[in-house]
Each structure stands twice: as structure tokens, then as C-alpha cells.
Amino acid sequence: MALTGLGLVGFLVGHMAGHLQIFAGKEAYNAYAAFLQSLGGALWLARAGLLGLLVAHVMSAIKLNARNQEARPQAYAVKTNKATTPYALSMIYSGYTILAFVVFHIAHFTLGALPTTEMTESGGVRDVYTAYVLDFQNPLLFALYAAAMVGISMHLAHAVSSTFRTLGVMRGKYREPLSKVGPLVGIATGVGFIIPPLACLLRIVSV
Amino acid sequence: MKIKLNVWRQAGPNATGGLKSYDIEVTEHMSFLEMFDVLNEQLLRNPDKHPEGPVAFDHDCREGICGMCSMVIDGVPHGPNKATTTCQLHMRSYKDGDEITVEPFRAKAFPVLRDLVVDRSSFDRIQHAGGYISVRTGAAPDANALPIGKADADEAFDYAACIGCGACVAACPNASAMLFVGAKVSHLAKVPQGQVERVGRVTRMVDVMDAEGFGGCTNHGECEAACPKEISLDAIAMLNTELARAAVASAK
Ligand code: HEM
Ligand code: SF4
Ligand code: FES
């Protein structure tokens, strides 16, 4: 759980940094997209690695969730929680939200299988920038992405600090500071991902 | 003061149970368990009205050291007060007219035997798997023959405070036993007497923990909040470190 989760967090941070380049303008963003495409074999290797991480993470999540439900066959009539958080209690649901989003997101941008803006060429490379900006002027599409980012924020708010304890580093004097890192990373990731689409929606970034 | 009690009644391990309500008159000086003594006297005096008989509940020392008094009181093991066992909870924590729901600890690894009594021998089997040390028998060694650093001694002592009550499992949304096992493993990992069996201990105890049907820890922190001995979540971080250390050591 922790190791696959950590690998996925690593990807997310890189992916978010990539998207923030939308503010650097059309040329820079398209060059970044073209650079990723030019990786060829390496790109496929990265995709396979990510898929492997995701599959392993989801499979251990389903197993863990089933084990934990079996561990308490009869629920309490009254259960009062004193310490946990809503996002810790909803990890499996925020997880499934992310999974649904990943499928949608790949269909949208990677496969171009949705009836969204047609990808054209500009300056000899695929004009991802224009398609991206026009798509996110659609409030419905923006709302879908925003909802998914709430899911990711909630997942990470619990997951990151949880990983620190799983790895054994969050104890003694490190406990307090590290327990704050999860919620911070959660908020930063959600906000960081939604800023570029928001900028398109509000026409701060335009074609 | 008048209290309305909703108590889980279950005739045996395989019987279907349910909550049953009783009205009872108590004084604020009574402990929570004394309230049950009074209730049981009422039930015994009136067998026609109460064919279900007295409420079976676990208790022994009634001074917060044995860990027997397993009850989930209004959704919290050992009741609402911090660092307090059920036997040390007093009715002055409640007020006239309160309604209180009392259920047994609920976990697959703690099956209900009757009413509020659960079978916690799964904890014993975890302890048998590794919660011991090997020492030479003979005369007791001199008190200072084996020096232990102050910081380690303090930490070991805090973990050793665990009374094996099982409240951590009862409180955990996943019915995980990581706090209990963490306390036992960390206690012995911190003192020189525990070093001989250190590597095998943690893997054996965790294997038995898994086999007994406890859930997996997802770091909710409910165990620490419910623990009457205030065992810190650091025990779980420490347990994970010990597991990783054992994996490295046995790979060598
Ligand atoms: C970008 C994608 C994802 C990232 C970055 C991520 C990250 C993480 C991390 C770091 C953990 C904590 C591991 C630990 O404490 O040991 C975790 C736990 C978990 N994840 Fe994910 N995850 C992702 C997607 C998913 C998906 C698609 C599911 C779908 C089922 C899922 C379900 C879970 C569950 C059930 C847990 C454990 C529950 C808990 O600790 O409370 N995750 N995740
Ligand atoms: S860790 Fe605390 S709650 Fe768990 S068994 Fe020990 S004393 Fe009881
Ligand atoms: S009866 Fe011994 S701890 Fe409560």
C-alpha cells in the first residue's frame, strides 16, 4: 500500500508541475507535450510502470478493505469516533473516485475518445495547448475535473501522513510535524492541479 | 439519579443478541461496574419479569490494572473519560435522566461468549508467539547489573503499561490489533533482555495477529484515543520499523 502509493504520489507531483507550464504559453506547453511524445519507448515504459503501480495499489486496496470488513462482522449499534477524520474513513471511496477519473482522463486526453475539441497541429507539433484551453472553457468539463481533484485531495490528506507511520518515521518528535504534511500535500495537490483548468475557465489563459 | 441503560443481551456464542432497556436508580458515587451489580441484583430478584437473568460482564481487579472490564459505552470502549478503564468510570460522569448504550467489544477475533463477555484468547496466542524473553534462572540478579539508558527505560516502561484489555481493537474501525502488538514488541525491543528473540518475535507475533482475523491498520488513531493506558501511536510506527528490520535481518 505505502510503496505503491508513494510511487503514485511521485508521479502526481511531476504531472502537476508539467501542467502548471500552461502559464508559460502555447509554445512552451506544446514543446513539453511533444517532448513527452518524443520519448517513444521510454514513454511506454513509464506508462507500463504507472499502470503496474496503479493495479498493484488498487488490488492491495481491495484486499485490505475486504479484510477490514471481515474483521468486524457485526457493527456497533452506537460507535463514537474520537480521533479519525472523514477523509481517513472514506479512503476506499476517494480511491474509486480517482480510479473512475483516471479512466475518464485517459479517454479524454490520451485517447481523444470524447467529443471534445479536436486536436490540430500548430508549428509542426500537436497543438495540445489549444485543445486544453478550449476544453476547459466548458464549465461542465471543468466541474468534473474539479470534483475529481477534491477526491485526490482527500485521498492524499490521509495517505501521505499515513505512509510516514507505515514506514516508521512518524514518531517521537517527528510525529507532530509529519502529521501536518499529509493535509498540506493534499490541499497543495488539489489546488495545484485545478489552477490551470480554472485559469482557462476564467479566460486568464486563452488561445 | 435515574439512568436508562440499553444493554446488549446475548444468551450464547451462537445466539442472536439484541439491545434491551433497563431503568435503574444509582448514586453518583457508584462505579460503572457497581451499577451493573445493582442491575443484576434487580434482575435476579425478579426472575419472572426477567427470564433473561443477570447481565454477564467481565471484571476482576476493579482498579484499572487487569484489563478485564471490556465494555463499549456509547460507542467508546471503557467509556467517555480519557485514560480510564470501565471499572474506574464513575456515575458522577453522568447526570440524572441519561440514556447509556452498552455493547460488547466487537471483532471477529473477539467472539461474544455471552452478553458483554468476549473471548480475548487471541491476544494470549499472540503473546505466546513471541511476547516473552529467555533468561537464566537462579538467584535474582543485582538491580544495577544490567544498565539501561534512561530514555530507553522510559520508553520501554510506557509501552509496558499495556494491560492487554483489547480496547484498541474494539475502537479501531478496522478491528486491527496493531497498537497492542506494537506495545508488546516495542517494550521488549527497547530493553537488553529482549534482544535475543528480537528478530523472530515481531514476525511471529504479527503472523499470529493476521491469522487470528484482526483487521489491517490504516492509521485512523482511534486505538490511541481509546487506550486506558495511553499507549502512543508511536508503538505502531515502531512495530513497522521492527518488521522492516526483521525482514532485512532474515534476508542476510
Ligand atoms: C493517483 C492515485 C493514487 C495515489 C497517489 C494514492 C496514494 C495512496 C497512499 C500514499 C496511500 C497510503 C498508504 C499507507 O498508508 O500505507 C494510499 C492508501 C490507500 N489507497 Fe490510494 N492512491 C491512489 C489511487 C488509489 C485508487 C485508484 C484506489 C482505489 C481503490 C485507492 C485506494 C486506497 C486505499 C483503500 C488505501 C488504504 C486505506 C487507508 O490507508 O486508509 N488509491 N493511497
Ligand atoms: S494498547 Fe491500550 S487499549 Fe490496547 S490492549 Fe494495551 S492497554 Fe488495552
Ligand atoms: S476490572 Fe481490572 S481493569 Fe477494570
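Our subject is the structure that appears above.
Quantities reported herein were computed from a predicted structural model and do not represent experimental measurements.

1. Quick look at helix 2 (residues 121–130) of chain B
Next, step 1: Of all the positions in helix 2 of chain B, only B:S121, B:S122, B:F123, B:I126, B:A129 and B:G130 are classed as buried.
Next, step 2: Buried residues in helix 2 of chain B make contact with helix 4 (167–171), helix 5 (178–189) and helix 6 (198–211) of chain B.

2. Points about the nonpolar core
Next, step 1: Within the largest apolar cluster, 41 residues are counted, with the highest numbers of intra-cluster contacts made by B:V169, B:V181 and B:F214.
Next, step 2: Listed by contribution, the elements that provide at least two residues to this core are helix 2, helix 4, helix 5, helix 6 and helix 8 (234–251) of chain B.
Next, step 3: Per-element tally for this core: the top contributor is helix 5 of chain B, with 6 residues.
Next, step 4: Counting the residues that make up this core, at least three belong to each of domain 1 (2–114) and domain 2 (121–251) of chain B.
Next, step 5: For B:V169, the contacting residues outside a window of four places in its chain are A:R72, B:A107, B:F110, B:F123, B:A175, B:S176, B:A177 and B:F214.
Next, step 6: In terms of nonpolar packing, the next biggest core, distinct from the first, is built from 27 residues, A:F109, A:Y129, A:F136 and A:V160 among them.

3. What about the site of ligand 1?
Next, step 1: Residues in contact with ligand 1 amount to 23 residues; listed here are only the nearest, A:H57, A:M91, A:G95, A:H155 and A:S162.
Next, step 2: The local environment of ligand 1 is shared, drawing residues from chains A and B.
Next, step 3: Contact between ligand 1 and A:H57: a nitrogen atom at 2.8 Å from a side-chain N or O atom of the residue.
Next, step 4: A distance of 2.8 Å separates a nitrogen atom of ligand 1 from a polar atom in the side chain of A:H155.
Next, step 5: Contributions of two or more residues to the shell around ligand 1 are made by helix 1 (2–20), helix 3 (41–70), helix 5 (91–110) and helix 7 (139–166) of chain A.
Next, step 6: Considered class by class, the residues forming the shell around ligand 1 number 14 nonpolar, 9 polar and no charged.

4. A few points about the sheet that holds strand 3 (residues 72–73) of chain B
By way of backbone hydrogen bonds, the strands of a sheet pair with one another, either parallel or antiparallel.
Residue and element names in this part refer to chain B.
Next, step 1: Taken in spatial order, the 5 strands line up as 2-1-5-3-4 in an open sheet, and their pairing is mixed. Since the sheet does not close on itself, it has two edges, and those belong to strand 2 (18–25) and strand 4 (76–77), each with one partner.
Next, step 2: Pairing of strand 1 (residues 2–9) with strand 2, which is carried by 8 bridges, proceeds in the antiparallel orientation. The residue of strand 2 that forms the bridge with I3 is I24.
Next, step 3: This element, helix 1 (residues 32–45), spans strand 1, strand 2, strand 3 and strand 5 (99–103) of the sheet and lies at about 95° to strand 2.

5. Focus: the interface of chain B and chain A
Next, step 1: Each partner contributes to the interface: chain B provides 42 residues, whereas chain A provides 29 residues.
Next, step 2: Buried surface at the junction of chain B and chain A, summed over both partners, amounts to about 2900 Å²; 47% is from carbon and sulfur atoms.
Next, step 3: Scanning the region where chain B abuts chain A turns up 2 salt bridges.
Next, step 4: Its salt-bridge partner being A:R175, residue B:E224 comes within 2.8 Å of it at the nearest N-O pair.

6. Thoughts on the site of ligand 2
Residues and elements named next belong to chain B.
Next, step 1: Within the structure, ligand 2 sits among 13 residues, and C162, C165, G166, C168 and C227 are positioned closest to it.
Next, step 2: For the shell around ligand 2, the elements supplying multiple residues, two or more each, are helix 4 and helix 5.
Next, step 3: The class makeup of the residues in the shell around ligand 2 is 11 nonpolar, 2 polar and no charged.

Analysis parameters
Residues numbered from 1 in each chain as written. Chains lettered and ligands numbered in written order. Predicted model: local features only at pLDDT ≥ 70, side-chain atom pairs only at ≥ 80, totals over all residues. Heavy atoms only, no water. Buried < 20%, exposed > 50% of the residue type's maximum accessible area, 1.4 Å probe, protein only. Helix = DSSP H or I, 4+ residues; strand = E, 2+ residues; numbered from the N terminus. Contact = heavy atoms within 4.5 Å. Core = buried A, V, L, I, M, F, W, Y, C linked by side-chain atoms within 4.5 Å. Domains from an automatic or database assignment. Near = heavy atom within 4 Å. Polar contact = N/O pair within 3.5 Å; in protein donor to acceptor, adjacent residues only side chain to side chain. Nonpolar A, V, L, I, M, F, W, Y, C, P; charged D, E, K, R; others polar. Pairing = 2+ DSSP bridges. Axes fitted to C-alpha atoms, helices over the stretch in contact; angles between N-to-C directions. Buried area = accessible area lost by both parts, 1.4 Å probe. Salt bridge = Lys/Arg side-chain N within 4 Å of Asp/Glu carboxyl O.

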